[in-house]
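The chain contents come next:
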There are 2 protein chains.
Amino acid sequence: VDRGAFVVEGPQSVAAAVEFGRVRELYATPSAFLAHREVVDRAADLGARVAEINDVVAQAMSETEHPQGLIAVCDLQATAWPGARGAVAAEERAQIVVLDRVSDPGNAGTIIRSADAAGAQAVLLTAGSVDPHNGKCVRASAGSLFHLPVFTGADLGSVVGSYRSEGWRCVAADGYSESLLTDPAVRRMLAGPVIWVFGNEAHGVSPEVLAAVDAAVAIPILGRAESLNLAAAAAICLYAQVLADTP
Amino acid sequence: VDRGAFVVEGPQSVAAAVEFGRVRELYATPSAFLAHREVVDRAADLGARVAEINDVVAQAMSETEHPQGLIAVCDLQATAWPGARGAVAAEERAQIVVLDRVSDPGNAGTIIRSADAAGAQAVLLTAGSVDPHNGKCVRASAGSLFHLPVFTGADLGSVVGSYRSEGWRCVAADGYSESLLTDPAVRRMLAGPVIWVFGNEAHGVSPEVLAAVDAAVAIPILGRAESLNLAAAAAICLYAQVLADTP
């Protein structure tokens, strides 16, 4: 795979890649050809090179233990953050998700999927974050990588600076914050557009990020757990905003 | 490791196992001995057999790519569901989490961790679910496996039958339901004690489960995602109840 392309596996993700016209080459085993006829035909219609492979080749090409026989080589999907105000359309009650040095590809992909589900406008990854084209990230995103704009190399200062004047607020998830997601003041903030920031799994959000945001909030922990899984925490935060919208 | 024991890795999980007196044997590399002196001493005080191992042995014993040099052999933590009403104390505004044929150990462990964080009283796994002592599940639970009662082999009928008379309601997460987590009627239900049911990753909750529950609810999908990751969906549901508690 050349540097301008990446590999997408699994029927759900491949179907999304085909739908959004990102597939250059599509490889399918005979059984996958039969099971996903429409996806294969559509890819061919859109100009992808389609080739049949046998199970041994599918196993060799796949990163997974149980490959499903459908593998696409796609144009890179994420683009470098342009740093411009207009890069993300500012809709009412919107969400932008920023991953600040998030390192686990499974977490990144799962958060991209949750952001898509919650109706976010875009996902931005800062320098030092995992590559969203990483195979595990792609699989965890379950097609969502193709559903919303994903930008790499974002710097939070330019993101916040671009949107704050338009009424957006920047909120970081920070397990050490004294301000809770359940606080009335935080809930009021969630009624408007929010740039959410989720930090590194081990180190959390950086001091520079905490200095730049409008609020840092902790998810209340009622039991004995020290913390939540990062992707679980992100899902809770993003949907707290969705729930705040529907009183 | 014999059938009455399981392996726990990583400082956070091992510390939880030691704290709750579950460790039979503790293996540590010289550097882990130094870094986790208190945990090792406490394990020895509680009667665990402690042994030093070198990095090669640690690598061989570990299931992870980057072992952290601290490995415990513990008494089995989860127990068979006794089927009795008194098995879980019924506190006000409580949660019980049921995993119905959940197969991915990472999902199961992450949900156990989220259930712990949300203040759930117990996690029950039905027959056909992954073994909660699976290494990936243990690591994903980040110690929470030791923090709350985890039962295996539960049958939903007996669970629901035991608690419904005491005012509990049973709610299944079901992506196909027309009833949404944001519906006022659902939110009112979340103000009381809830038995949450989360189903298999590929097949969802079974028809028999849907027939037994008080409500099946879908998390609203605002974007183009087909569904959410199961552990993300569980985190959203459990914390929707926490958020419903704090108006």
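You'll find the structure just up there.
Parameters and conventions
Residues numbered from 1 in each chain as written. Chains lettered and ligands numbered in written order. Predicted model: local features only at pLDDT ≥ 70, side-chain atom pairs only at ≥ 80, totals over all residues. Heavy atoms only, no water. Helix = DSSP H or I, 4+ residues; strand = E, 2+ residues; numbered from the N terminus. Least-squares fit on C-alpha atoms with pLDDT ≥ 70 in both. Contact = heavy atoms within 4.5 Å. Disulfide = S-S within 2.5 Å. Buried < 20%, exposed > 50% of the residue type's maximum accessible area, 1.4 Å probe, protein only. Pairing = 2+ DSSP bridges. Axes fitted to C-alpha atoms, helices over the stretch in contact; angles between N-to-C directions.

## Some details on unusual backbone geometry
Reasoning step 1: The phi torsion at Arg101 of chain A lies on the positive side, around 60 degrees, for a residue other than glycine.
Reasoning step 2: Among the secondary structure elements, Arg101 of chain A is positioned in the loop between strand S6 (95–99) and helix H5 (105–117).
Reasoning step 3: Positioned with a positive phi, Ala142 of chain B is a non-glycine residue whose angle comes to about 50 degrees.

## A closer look at the relation of the copies chain B and chain A
Reasoning step 1: Once turned by 180 degrees and shifted 0.0 Å along the axis, chain B lies on chain A with an RMSD of 0.0 Å. On this basis, the relationship between the two copies can be described by a two-fold rotation axis.
Reasoning step 2: Counting the interface residues of chain B, we find that 97% of their copies in chain A are interface residues as well, pointing to one common contact surface.

## Remarks on the state of the cysteines
Residue and element names in this part refer to chain A.
Reasoning step 1: Counted under the stated rule, the structure contains zero disulfides over all chains.
Reasoning step 2: Not part of a disulfide, Cys74 finds its nearest cysteine sulfur in Cys137, a span of 14 Å.
Reasoning step 3: The class for Cys74 is buried, based on a relative accessible area of 0%.

## Some remarks on the environment of Ala60 of chain A
All names here are of chain A.
Reasoning step 1: Within the secondary structure layout, Ala60 lies in helix H4 (residues 55–61).
Reasoning step 2: Judged by its relative accessible area of 66%, Ala60 falls in the exposed class.
Reasoning step 3: C-alpha of Ala60 to C-alpha of Ala94: the two residues are 34 residues apart in sequence and 42 Å apart in space.

## Comments concerning the pairing of strand S4 (residues 70–75) of chain B
Residues and elements named next belong to chain B.
Reasoning step 1: Most of S4 sits out of view: five of its six residues are buried.
Reasoning step 2: In terms of strand pairing, strand S2 (residues 23–28) meets S4 through five bridges, oriented antiparallel. Bridge pairing in S4 links Leu26 to Ala72.

## With respect to the sheet that holds strand S9 (residues 169–173) of chain B
Residues and elements named next belong to chain B.
Reasoning step 1: In space, the seven strands of this open sheet follow the order S5-S8-S7-S6-S10-S9-S11, with parallel pairing throughout. Edge positions in the open sheet fall to strand S5 (79–80) and strand S11 (215–217), since each of these has one partner strand only.
Reasoning step 2: Lying over the sheet, helix H7 (residues 156–164) contacts strand S6 (95–99), strand S7 (122–126), strand S8 (150–154), S9 and strand S10 (194–198), oriented at roughly 165 degrees with respect to S10.
Reasoning step 3: Docked against the sheet, helix H10 (residues 230–244) engages S6, S9 and S10, running at close to 165 degrees with respect to S10.

## A look at the sheet that holds strand S1 (residues 5–9) of chain A
All names here are of chain A.
Reasoning step 1: If you walk across this open sheet you meet the four strands as S1-S4-S2-S3, and the pairing is mixed. Both outer strands of the open sheet, S1 and strand S3 (49–52), are each paired with one neighbouring strand and no more. With strand direction ignored, the average angle separating the axes of adjacent strands in the sheet is 15 degrees.
Reasoning step 2: Judged from the five bridges that link them, S1 and strand S4 (residues 70–75) form a sheet pairing that is antiparallel. Note that in S4 the partner of Val8 across the bridge is Ala72.

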